[in-house]
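What the coordinates show
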Amino acid sequence: MANKEFDEIVNRRHSGSIKWNVKDGELPMWVADMDFKTAPAVVEALRKRVEHGVFGYCAPDQEWADAYVSFYGDRYGWNINPKDLVFCLGVVPVLSSSVRALTSVGDNVVLFTPVYNIFFNSIVNNKRVPLPVPLLEENGAFHLNYPAIEKAFADEKTTLCFFCNPHNPVGKIFAKEEMGRLADLARKHGVRILSDEIHGPVSRPGHPYVPFLSLDGVEDVVYSAISPTKAFNLAGIHTAAIVMPNEEIRKKVERQINTDEVAEPNVFSCVASTAAFNEGREWLDNLNEYVFANRDYAETYIQENIPELIPIHGDATYLLWVDCRKICADSRPFLEFLREKTGLFVSAGEIYGPGGEGFVRINLAAPRSLVEDGLRRLKEGVVSFRNKR
Ligand SMILES: Cc1ncc(COP(=O)(O)O)c(C=O)c1O
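The rules we used
- Residues numbered from 1 in each chain as written.
- Predicted model: local features only at pLDDT ≥ 70, side-chain atom pairs only at ≥ 80, totals over all residues.
- Heavy atoms only, no water.
- Near = heavy atom within 4 Å.
- Polar contact = N/O pair within 3.5 Å; in protein donor to acceptor, adjacent residues only side chain to side chain.
- Areas by Shrake-Rupley, 256 points an atom, 1.4 Å probe, with all protein chains shown as cover.
- Helix = DSSP H or I, 4+ residues; strand = E, 2+ residues; numbered from the N terminus.
- Core = buried A, V, L, I, M, F, W, Y, C linked by side-chain atoms within 4.5 Å.
- Buried < 20%, exposed > 50% of the residue type's maximum accessible area, 1.4 Å probe, protein only.
- Domains from an automatic or database assignment.
- Contact = heavy atoms within 4.5 Å.
- Pairing = 2+ DSSP bridges.
- Axes fitted to C-alpha atoms, helices over the stretch in contact; angles between N-to-C directions.
- Salt bridge = Lys/Arg side-chain N within 4 Å of Asp/Glu carboxyl O.
- Buried area = accessible area lost by both parts, 1.4 Å probe.
- Expected span 1.5 Å × (residues − 1).

**Some points on the site of the ligand**
- As a structural note, the neighbourhood of the ligand is formed by Ala-32, Gly-90, Val-91, Val-92, Pro-93, Tyr-116, Cys-164, Asn-168, Asp-196, Ile-198, His-199 and Lys-230.
- One of the side-chain N or O atoms of Asp-196 is found 2.6 Å from a nitrogen atom in the ligand.
- Between the ligand and His-199, the relevant distance is 2.8 Å, taken from an oxygen atom to a side-chain nitrogen or oxygen of the residue.
- Relative to its free-state accessible area of 400 Å², the ligand is covered by the protein chains to the extent of 88%.
- For the shell around the ligand, the leading source of residues is helix H3 (residues 91-102), giving three residues.

Shown next as structure tokens:
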């Protein structure tokens, strides 16, 4: 076991947490935040900022940009040019503003399903059309379907593609070759790719994720959204960045995030991300050891104790994607039953679009004892569900 500090159970009830707004006795393993305290260095930096006592308007400073540049450069060999780096309050605001900046009403936005459900909201809420291209599934591994992507990109109404790397919910790290081929298709058909890399820093020890923009020659069509919020559990702080080497994309998206009023940090946004990237690296390595030990434990537990379910092996994210199609074609009635019977609350695969039917997503970023509790409840739920029928 990597690090005992992650064994601590922090009571998140009555802390304003969305995830833990559940009945007594229920165990929430759904929304993607972690039940761990953030890195001590982040808490210390925030404490100092609070003690300063003055909370007027603020802007990202040089230290903030340097922290991103050195973290992604040192860990992933990605040389971000600081002039391409723009602050934004969150990754979802980047998605929604991008739709407004780079597409017209009625245009298609391509996405590779099953995928983070809010991608759909950012498209539909702006009266654009989500064009799902399901991932190909082969013996528990997921791949891009290039012929189907080419067809979707060739549609004259397709102007933008949302890419999720690493992929939520299937936990895949895309390889350079896969992304290079995708960028070639985008260029050929005049499509821009927004690479959402919010889960990037959460990966199996020894398996770093590959930033899309670390590839040579993709800067004309690709731009990326990055953030410390998943890896350091800072979602409630609201902080992210966009890397836009292409000048036309940068001008349009930067203008749009300003119009949408999501371009200015709060007092804590930059303090937290700077401390995380500069001083939280060792903590992050320990977190990844802990999370991937949880993933391995959960996979083995399911294989040995719940033979009806198939866990999908992944090298990134703390989200386990589980194939439940042997017991249900639609996971929603099963999950209603599971919550009612055992109190376990996980996410239904259907919300992630085509290809998600009959799967569930389980958040494993929790102390091991809670993960064990969750898996026991899952087993009990599956046994009762089977006997019910
Ligand atoms: C792929 C992906 N993008 C974005 C977000 C949310 O980003 P933010 O909180 O910065 O808006 C999530 C949260 O689960 C996510 O999984």
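Having put the structure on the table, let's press on.
**Describing the nonpolar core**
- Within the largest apolar cluster, 76 residues are counted, with the highest numbers of intra-cluster contacts made by Tyr-72, Phe-112 and Phe-212.
- The element best represented in this core is helix H2 (residues 62-76), accounting for seven residues.
- A domain split of this core shows at least three residues from each of domain 1 (4-39 + 281-388) and domain 2 (42-279).

**Some words on the environment of Ala-276**
- Inspection of the secondary structure assignment puts Ala-276 in helix H8 (residues 269-279).
- Distance from Ala-276 to Ala-45, taken between C-alpha atoms, is 9.2 Å for residues 231 residues apart in sequence.
- Beyond its immediate chain neighbours, meaning those up to four positions away, Ala-276 contacts Val-42, Pro-228, Phe-232, Leu-234 and Arg-281.

**Remarks on the sheet that holds strand E7 (residues 158-164)**
- With mixed pairing, seven strands are arranged side by side in an open sheet as E2-E10-E9-E8-E7-E3-E4. Each end of this open sheet is capped by a strand with a single partner; those strands are strand E2 (85-88) and strand E4 (129-132). Sheet twist, expressed as the average angle between the axes of neighbouring strands with direction ignored, equals 25 degrees.
- Bridge count for E7 against strand E8 (residues 192-196) is five bridges, and the pairing is parallel. Each residue of the ladder has a partner; that of Cys-161, found in E8, is Ile-193.
- Each of strand E3 (108-111), E4 and E7 is contacted by helix H5 (residues 146-154), which is oriented at about 140 degrees to E7, the strand it contacts most.

**A closer look at the pattern of salt bridges**
- Applying the stated criterion to the full structure yields 28 salt bridges.
- Here Asp-33 and Lys-19 are joined by a salt bridge, their closest N and O atoms 3.6 Å apart. With a gap of 14 residues between them, Asp-33 in the loop between strand E1 (27-28) and helix H1 (40-52) and Lys-19 in the segment before E1 connect regions that are remote in the sequence.
- Note on Asp-33: relative accessible area 16%, which makes it buried.
- Take Lys-19: its relative accessible area is 1%, and that puts it in the buried class.

**What about the domain arrangement of the protein chain?**
- Segmenting the protein chain into domains produces domain 1 (4-39 + 281-388) and domain 2 (42-279).
- Using C-alpha coordinates to define each centre, domain 1 is positioned 25 Å away from domain 2.
- Tallying the contact residues gives 35 residues for domain 1 and 40 residues for domain 2.
- Between domain 1 and domain 2, the buried area comes to about 3,200 Å², and carbon and sulfur atoms account for 55% of it.
- Contact with domain 2 buries area across many residues of domain 1, yet Arg-281, Asp-315 and Tyr-352 alone supply 24% of it, more than any other trio.
- Asp-74 is the salt-bridge partner of Arg-281, the closest N and O atoms lying 2.8 Å from each other.
- At the boundary of domain 1 with domain 2, the tally comes to 22 residue pairs in polar contact (both at pLDDT 80 or more).
- Looking at the side of domain 1 that touches domain 2, the elements that each hand over two or more residues are helix H9 (281-305), strand E12 (319-323) and strand E15 (359-363).

**With respect to H3**
- With twelve residues, H3 should reach 16 Å at 1.5 Å per residue; the first-to-last C-alpha distance of 16 Å fits that figure.
- Here H3 lies mainly inside the structure; nine of its twelve residues are buried.
- Of all the positions in H3, only Val-91, Val-94, Leu-95, Ser-96, Ser-97, Ser-98, Val-99, Ala-101 and Leu-102 are classed as buried.

**Let's talk about unusual backbone geometry**
- For the bond from Thr-113 to Pro-114, the omega torsion is 0 degrees, close enough to zero to count as cis.
- Relative to the assigned elements, Pro-114 resides in the loop between E3 and helix H4 (118-124).
- The residue after Asn-165, namely Pro-166, is reached through a cis peptide bond having omega -5 degrees.
- Within the secondary structure, Pro-166 is located in the loop between E7 and helix H6 (176-189).
- In this model, His-238 sits at a positive phi of 70 degrees, which is unusual for a non-glycine residue.
- The topology assignment puts His-238 in the loop between strand E9 (222-226) and strand E10 (240-243).

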